[in-house]
Amino acid sequence: MINAEKPENVLIIGGSSSIGLPIIKLFNSKKKNIIFSFNKNDNKKNIDSNIKSLKLNLEDQKSINFFIGNVKKLFNKLDIIIFISGVLPGKKLSSYQSHEIEKVMKINFFSQACIFKNLLPLIYENTRVLMISSISAQKGSYDPIYAASKGAILSFVKSVLNQIPKGARVNAIAPSLIEDTTMYMNMGSSIIENHKNQIQSGQLLKIDDLAKIIVDLCESHWKHLNGSCIDINGGQYVR
């Protein structure tokens, strides 16, 4: 009798976000075991009941420790880890308060690096890690703190590659503005039009298309992509 392969274990940090939900649904269609984090709303009503959700406040170290402990109880290894969480105040430097700078860096980078570190025992030779950066990390931004936090992700990915098991993969993607996300909804129409005008097609990246890209990057045919960042910006910034 042939034993069926065990479903892969997927952890999604920030899975209750507008970007996270279509990613969860795609992984679920591929019969993965999925855990995703949420802070205020787990959005469980929009997904299958067999998918597990765990509360995580990236500003609270106790919450981070509790989350990591629960993940380790549920999974003895992780095949796929996706880091989605992020916050964009959209402020120029002179408008920032010190505590706001700390918040952006903590949510967008520090806490994610802490989680990565503590998940190292669950990472093995076939683990695939994908972290979401931004076009702002490459191009710069009106909001320099947000851009810096996303730039830190890119440096982290390059550096941590040699500190995970051989065969494991860690990469980043740097998308431009994504249509119908919370970030998009909080922008003025003139800013949105400015983004569209910088893209050759005149169309913003759609959530469902990004979800398909993220899920596909976890497939084996991308095994030679490692320690890299893929720009997904429609030609808005070419490097």
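Figured I'd write up the structure that's included with this text. Residue positions are counted from 1 within each chain, in the order its sequence is given. Given that the model is predicted, a residue must reach a pLDDT of at least 70 before its local features are reported, and side-chain atom pairs must reach 80 or more before they are shown or counted; all residues, however, enter totals for whole chains, interfaces and linings. Hydrogens are left out, water is left out, and the side-chain values use all remaining heavy atoms of the structure.

Observations regarding the overall build of the protein
Logical step 1: Helix and strand content of the protein: eight helices and nine strands.
Logical step 2: Throughout, radius of gyration means the C-alpha value; the globule benchmark is 2.2 Å times the number of residues raised to the power 0.38. A compact globule built from 239 residues would reach a C-alpha radius of gyration of about 18 Å, and the protein, at 18 Å, matches this within 12%.
Logical step 3: Judged by the C-alpha coordinates and their principal axes, the protein covers about 60 × 40 × 40 Å.
Logical step 4: Burial classification: accessible surface area is computed with a 1.4 Å probe over protein chains only, and a residue below 20% of its type maximum counts as buried, one above 50% as exposed, and the rest as partly exposed. Relative to its full complement of 239 residues, the protein shows a buried share of 49%.
Logical step 5: Whether two residues are in contact is decided by their heavy atoms: any pair within 4.5 Å suffices. Here the analysis covers contacts within the protein between residues at least 6 apart in sequence; of these, 69% occur between residues at least 24 apart.
Logical step 6: Only carbon and sulfur atoms are counted for the fraction: they give 51% of the accessible area of the protein, which is about 12,400 Å².
Logical step 7: Charge assignment: positive for Lys and Arg, negative for Asp and Glu; neither His nor the chain ends contribute. We put the charge of a Lys on NZ, of an Arg on CZ, of an Asp on CG and of a Glu on CD. Mean positive and mean negative side-chain charge positions of the protein (30 and 19 charges, respectively) differ by 4 Å. Note on conventions: DSSP H or I runs of at least 4 residues are helices, E runs of at least 2 residues are strands, and numbering of each starts at the N terminus. Areas reported as accessible are Shrake-Rupley estimates using a 1.4 Å probe. Residue values count occlusion only from the protein chains shown.

Points about the pattern of salt bridges
Opposite charge on two side chains allows them to pair when their charged atoms are near.
Logical step 1: What counts as a salt bridge is simple: a side-chain nitrogen of Lys or Arg found within 4 Å of a carboxyl oxygen of Asp or Glu. Tallied over the entire structure, the rule returns five salt bridges.
Logical step 2: A salt bridge links Lys 91 to Glu 100; the shortest N-O distance between them is 2.5 Å.
Logical step 3: A single network of salt bridges, built from pairs that share partners, joins Glu 8, Lys 32 and Arg 128.

Focus: the packing of aromatic side chains
Logical step 1: Any two rings among Phe, Tyr and Trp, with Trp reduced to its six-membered ring, count as a pair given centres within 6.5 Å; such a pair is stacked if its planes are under 30 degrees apart, edge-to-face if over 60, and tilted if neither. What the rule picks out here adds up to four aromatic pairs.
Logical step 2: A centroid spacing of 5.4 Å and a plane angle of 85 degrees characterise the contact between Phe 116 and Phe 156, whose relative ring orientation is edge-to-face. Placement of the pair is Phe 116 in helix H3 (residues 98-119) and Phe 156 in helix H5 (residues 144-160), with a sequence separation of 40 residues.
Logical step 3: Taking relative accessible area as the criterion, Phe 156 reaches 17% and is therefore assigned buried.
Logical step 4: Through pairs of rings, three or more aromatic residues link up here, namely Phe 83, Phe 109, Phe 110, Phe 116 and Phe 156.

Structural notes on the packing of H3 against H5
Logical step 1: Here an angle of 0 to 180 degrees is reported between the N-to-C directions of two axes, which are lines fitted to C-alpha atoms, with helices fitted over the stretch in contact. Viewed as axis vectors pointing N to C, H3 and H5 meet at an angle of 15 degrees, and their least axial separation amounts to 8 Å. The angle between H3 and H5 places the two elements in the roughly parallel class. Crossing of H3 against H5: the hand is right-handed. In this structure, H3 contributes Ile 101, Val 104, Met 105, Asn 108, Phe 109, Gln 112, Ala 113 and Phe 116 to the contact, and H5 contributes Ile 145, Tyr 146, Ser 149, Lys 150, Ala 152, Ile 153, Phe 156 and Val 160.
Logical step 2: Grouping the amino acids of the contact of H3 with H5 by side-chain chemistry returns 12 nonpolar, three polar and one charged. For classification, angles of less than 35 degrees are called roughly parallel, those exceeding 145 degrees roughly antiparallel, those between 65 and 115 degrees roughly perpendicular, and all remaining angles oblique. Helix crossings fall into two classes, left-handed where the near helix is turned counterclockwise from the far one by less than a right angle and right-handed where it is turned clockwise. Note on residue classes: Ala, Val, Leu, Ile, Met, Phe, Trp, Tyr, Cys and Pro are nonpolar, Asp, Glu, Lys and Arg are charged, and everything else, Gly too, is polar.

Remarks on the state of the cysteines
Logical step 1: Criterion for a disulfide: a pair of cysteine sulfur atoms within 2.5 Å. A full pass over the atoms with the stated rule returns zero disulfides.
Logical step 2: Cysteine Cys 218 shares no disulfide, and the gap to the nearest cysteine sulfur, in Cys 229, comes to 15 Å.
Logical step 3: The class for Cys 218 is buried, based on a relative accessible area of 6%.
Logical step 4: Classification of Cys 229 as buried rests on a relative accessible area of 18%.

Topic: the pairing of strand S4 (residues 78-83)
Logical step 1: Of all six residues that make up S4, six are buried, and the element is covered over most of its length.
Logical step 2: Pairing analysis gives four bridges linking strand S1 (residues 9-13) to S4, with the strands arranged parallel. When the bridges of S4 are listed, Ile 12 appears paired with Ile 82.
Logical step 3: In this sheet, strand S5 (residues 123-132) lies alongside S4 in parallel orientation, the contact comprising five bridges. Bridge assignment links Ile 82 to a residue of S5, and that residue is Leu 130. Pairing between strands is defined by DSSP: at least two bridges between them are needed.

Just distances and angles here, no functional claims.
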